[in-house]
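Notes for the structure review
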Amino acid sequence: MPTIDQLRPKHPEIRADFTIDQHWERYGAAEHGVWRTLYERQAKVLPGRATSEFLDGLKKLKLVAEHIPDFERLSDELEAVTGWRVVAVPSLVPDDIFFDHLANRRFPAGQFIRRLDQLDYLEEPDVFHDVFGHVPMLAHPVFADYMVAYGKGGQRALREFGKLKNLARLYWYTVEFGLIEKPEGLRIYGSGIVSSRTESIYAVESPSPNRIGFGLERVMRTDYRIDDFQESYFVIPSFEELFEQTYRDFAPLYDRLSRGPNYKPGDVLPSDRVLTRGDHSYVGGSHAVG
Ligand code: HBI
Ligand code: FE
């Protein structure tokens, strides 16, 4: 992750909290065009796959295909619903800075957009992943509170416990790659899935991955892969239940986690509630976290 001094040549106005001005007026037609291409692809695959809370959030926040959103206008819409705002950052920011933003209801979103020849591959989060992928769920009151709690929990994990790895797994398997069980079927809410065409289809329909009932300690013991489709997804019954399971003092949990097993991404345990057991028919390939 770059330091602020490494970012300064390219972003002379960068602030101590790693925020920059979005400079919405500087995006050109090609950049808005990439947003439109990505948006239209997702608009085709998400109905029947994304959870209604995500699709409602897109509508409520007036996110449209035509142009990259102006963060000020978007933040005014979002703030009216859940008190969150969106701030521009160059891309990944250090953990302590990231948690401070979340704890204070600011979502740091990458300012740049990927190039047209990189539609499906991203090394760092861009404005499409961050805004299209993350921000709609921030319009959901319970999920919005969950993200604040995660930010505060992250600050505490950094200060007191050295358990960041466990906490990052929780973020990965919920915020980034979470599934939810709805009366109408399994649905996606994780931002890494909803912002990727191929993984949106894979996560819901492929016989390859395991789909396992969410458990806090189970997830915090499980490694993840950042360079390919997930081998296991964890499925929550509701956002209320996710919040309830995680809104607690993690000290006893961290204590348990300092002993006992860690699991590999594809492991299935006797204690798991298995919704679908993967047949591992997908053998890998390059894919986007975006
Ligand atoms: N920075 N911009 C950005 N986006 C992230 O998702 C992010 C980050 N910095 C750190 C980070 N995520 C994770 O390491 C923490 O969730 C643990
Ligand atoms: Fe993300």
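As a further point, take helix α4 (residues 71-82). Given 3.6 residues per helical turn, the α-helix brings residues three or four places apart onto the same face. Spanning 12 residues, α4 covers 15 Å between terminal C-alpha atoms, matching the ideal 16 Å at 1.5 Å per step. Among all positions in α4, only Phe71, Leu74, Ser75, Leu78 and Thr82 are buried. Buried residues in α4, looked at end-on, bunch into an arc of 95°, giving them a common side. Opposite the packed face of α4, turned more than 90 degrees from it, sit the exposed residues Glu72, Arg73 and Ala80. Capping of α4 at its N-terminal end is provided by Asp70; its side-chain oxygen lies 3.0 Å from the backbone amide nitrogen of Glu72. Remark: Gly83 follows α4 within two positions and exhibits a positive phi of approximately 85°.

Turning our attention to unusual backbone geometry. Residues apart from glycine generally show negative phi values, whereas peptide bonds are mostly found in trans. At His23, a position not held by glycine, the phi torsion is positive, near 50°. Structurally, His23 can be placed in the loop between α1 (4-7) and α2 (29-45). Positioned with a positive phi, Arg105 is a non-glycine residue whose angle comes to about 55°. One can find Arg105 in the loop between α5 (95-103) and β2 (106-110). Exposure remark for Arg105: the relative accessible area of 24% places this residue in the partly exposed category.

Inspection of the secondary structure puts His129 in helix α6 (residues 127-134). A polar contact of 3.4 Å, which involves the side chain of His129, links it to the side chain of Glu176.

With that settled, the discussion passes to the coordination of the iron ion (ligand 2). In the first shell of the iron ion (ligand 2), the protein supplies His129 (NE2), His134 (NE2), Glu176 (OE) and Glu176 (OE), at 2.0 to 2.8 Å from the metal. Metal-centred angles of 52 to 140° between the four donor atoms at the iron ion (ligand 2) mark the site as irregular. Written as a sequence motif, the donor arrangement for the iron ion (ligand 2) is H-x4-H-x41-E. Here His129 is found in helix α6, whereas its partner Glu176 is found in helix α8 (residues 164-176), with 47 residues between them in sequence. Like Glu176, His129 is buried.

Another aspect to go through is the sheet that holds strand β5 (residues 210-213). If you trace the five strands from one edge of the open sheet to the other, you get β4-β3-β6-β5-β7, paired in mixed fashion. The open sheet has two free edges, formed respectively by β4 (185-188) and β7 (274-276), since each of these has just one partner strand. Direction aside, neighbouring strands of the sheet carry axes that sit 35° apart on average. The pairing of β5 with β7 spans two bridges and is classified as antiparallel.

It is worth spelling out the environment of Lys59 at this point. Within the fold, Lys59 resides in helix α3 (residues 52-60). It is 17 Å that separates the C-alpha atoms of Lys59 and Asp130, two residues lying 71 residues apart in sequence.

Moving on: the environment of Glu72. As for its position among the elements, Glu72 is in helix α4. The spatial distance from the C-alpha of Glu72 to the C-alpha of Trp24 is 9.4 Å, given a sequence separation of 48 residues. Among the polar contacts made by the side chain of Glu72, one reaches the side chain of Arg85 at a distance of 3.2 Å.

Turning to the site of ligand 1, a few remarks are in order. Ser91, Leu92, Val93, Asp95, Phe98, Phe99, Tyr150, Ala168 and Tyr171 make up every residue found near ligand 1. One nitrogen or oxygen atom from the main chain of Ser91 is found 3.1 Å from a nitrogen atom belonging to ligand 1. Here an oxygen atom of ligand 1 and a side-chain polar atom of Tyr150 are 3.2 Å apart. In isolation ligand 1 offers 390 Å² of accessible surface; the protein chains occlude 86% of this area. Those elements giving two or more residues to the shell around ligand 1 turn out to be α5 and α8. Among the elements that line the shell around ligand 1, the one with the most residues is α5, at three residues.

So, how was this worked out
- Residues numbered from 1 in each chain as written.
- Chains lettered and ligands numbered in written order.
- Predicted model: local features only at pLDDT ≥ 70, side-chain atom pairs only at ≥ 80, totals over all residues.
- Heavy atoms only, no water.
- Helix = DSSP H or I, 4+ residues; strand = E, 2+ residues; numbered from the N terminus.
- Expected span 1.5 Å × (residues − 1).
- Buried < 20%, exposed > 50% of the residue type's maximum accessible area, 1.4 Å probe, protein only.
- Arc of directions from axis to C-beta.
- Polar contact = N/O pair within 3.5 Å; in protein donor to acceptor, adjacent residues only side chain to side chain.
- Donors = N, O, S within 2.8 Å, 3.2 Å for Na, K, Ca; no water.
- Tetrahedral: all angles 85-135°; square planar, octahedral: opposite > 155°, others 65-115°.
- Pairing = 2+ DSSP bridges.
- Axes fitted to C-alpha atoms, helices over the stretch in contact; angles between N-to-C directions.
- Near = heavy atom within 4 Å.
- Areas by Shrake-Rupley, 256 points an atom, 1.4 Å probe, with all protein chains shown as cover.

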